[in-house]
Amino acid sequence: MLDIACLPAGKPAYRTRWTCPSNIAIVKYWGKREGQLPANPSVSLTLEACRTDTTLEVSPRGGEEKDRPYRIEVHLDGQPAPGFIPKIEQFFDRIAPYAPYLRDYAFVLHTSNSFPHSSGIASSASGLGALAACLVDFENACSAPLTQDNFLRRVSFYARLGSGSASRSIYPGIVLWGECSSVPASSDLYAVPLPEADIHPVFRDLRDTVLLIEHGAKSVSSTAGHALMKGHPYAPARFAQAREHVERLREILRRGDIEAFGALAEREALTLHAMMMTADPCYILFKPATIAVLEAVWQYRKETLVPLYFTLDAGANVHLLYPASAEVPVREFIATALSPLCQGRMIHDRVGTQGVRKAAL
Ligand code: DP6
């Protein structure tokens, strides 16, 4: 149990700063059970360049204004951002059984993203990952420190309770969240990195160029989308398929089969959107430019045999996946054929070598 008496009253007691990467799923988490547990396992690539940087200041909370359960202040890029408070309150509610001290402290967050705020890139995975790391670091300062492995596991456990996909952002490389029979260490409660020895070098520095087709908030949030998988007529088949895809992907990653990887990534992406289009109520997050990009990618691959593939998140943006060896021709194709479809708005990223990381204050 955390010794909350370790921080003297009336002093800004603890400051810590952590950065956390974003991630893009290859096998998608889509549908959840009570308690932020996934309906199926998922596998993602942790990104290198897209990160959130959060400084957390924790100080003992005075006896005043206990009208709100928690005292939270958020600043984004130096500006007050009260719009994030409800999401953080929900996160605190979910981790409170494991972190009973939350009501006794005041929390001030200063956060910024390395990617444009309006880019449509999910900042919840990197944002909640960074905040979870700050909190576990605070706990570590107040009680017997956890080992590095247990520290990261606890961060992933907390991050999952904030946003499922955030559980995977804690680790670098290629990451699995959800119980999977062939990985004994896997769990629905936290993510685990796939061992580097199980990943062919071609995937360790895979490129991901994100074409930013839509900016601003999506018309249907991921959380609402997950809820629509309850009672969805195709849900049981989809969950079984995802489980099968995780096993198949592990084999593909070991073999270094980029073609099979691309085929699986594209099928997963279109299946995710098919689930949205066949939900009740049904909806579409594609934009015309999304479809134009997918068709251009297929045409390019057919004509050149260059291994360029795509995946999608729950939005209109397209993630272009390609090996480092194809970077020169793919970048040229993107610049000439795809850039006009996204008004030149894109982020060149790659599979990252860093998960959550402590930063200097
Ligand atoms: C399509 O993790 O954003 O990106 O747990 O409700 O916060 P919550 O949902 P979230 O869902 C991500 C869905 C996805 C697929 C994936 O990342 O696996």
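- Looking up the chain in an unreviewed UniProt entry gives the name Diphosphomevalonate decarboxylase, with the organism given as Candidatus Merdimorpha stercoravium.

1. Description of the overall build of the chain
Phase 1: The secondary structure content of the chain amounts to 9 helices and 14 strands.
Phase 2: Over its C-alpha atoms the chain spans a radius of gyration of 21 Å, differing by no more than 12% from the 21 Å that the globule rule assigns to 361 residues.
Phase 3: Dimensions of the chain, computed from the C-alpha atoms along their principal axes, are close to 70 × 45 × 40 Å.
Phase 4: Looking at the chain as a whole, 55% of its 361 residues qualify as buried.
Phase 5: Accessible surface computed for the chain: about 15300 Å², of which carbon and sulfur atoms make up 56%.
Phase 6: Charge-centre separation for the chain: the mean point of 37 positive side chains lies 2 Å from the mean point of 37 negative side chains.

2. A word on the nonpolar core
Phase 1: Residues Phe91, Phe92, Leu102, Phe107, Leu135, Phe203 and Phe261 are the most contacted members of the largest nonpolar core, which totals 81 residues.
Phase 2: Looking at which element gives the most residues to this core, the answer is helix α2 (residues 124-142), with 11 residues.
Phase 3: Every residue in contact with leucine 102, bar those within four places of it in the chain, is listed here: Tyr70, Phe92, Ile95, Ala96, Phe107 and Leu135.
Phase 4: Leu211, Val293, Val330 and Cys342 belong to the second largest nonpolar core, which has 23 residues in total.

3. Some thoughts on the side chain of threonine 209
Phase 1: Secondary-structure assignment places threonine 209 in strand β10 (residues 207-211).
Phase 2: At 2.9 Å, the side chain of threonine 209 forms a polar contact with the side chain of histidine 348.
Phase 3: In this structure threonine 209 touches Val318, His319, Leu320, Tyr322, Arg331, Ile334, Met346, Ile347, His348 and Asp349, once residues within four positions along its chain are discounted.

Conventions and cut-offs
- Residues numbered from 1 in each chain as written.
- Predicted model: local features only at pLDDT ≥ 70, side-chain atom pairs only at ≥ 80, totals over all residues.
- Heavy atoms only, no water.
- Helix = DSSP H or I, 4+ residues; strand = E, 2+ residues; numbered from the N terminus.
- Rg over C-alpha atoms; globule rule 2.2 N^0.38 Å.
- Buried < 20%, exposed > 50% of the residue type's maximum accessible area, 1.4 Å probe, protein only.
- Areas by Shrake-Rupley, 256 points an atom, 1.4 Å probe, with all protein chains shown as cover.
- Lys, Arg positive; Asp, Glu negative; His and termini not counted.
- Charge placed at Lys NZ, Arg CZ, Asp CG, Glu CD.
- Core = buried A, V, L, I, M, F, W, Y, C linked by side-chain atoms within 4.5 Å.
- Contact = heavy atoms within 4.5 Å.
- Polar contact = N/O pair within 3.5 Å; in protein donor to acceptor, adjacent residues only side chain to side chain.

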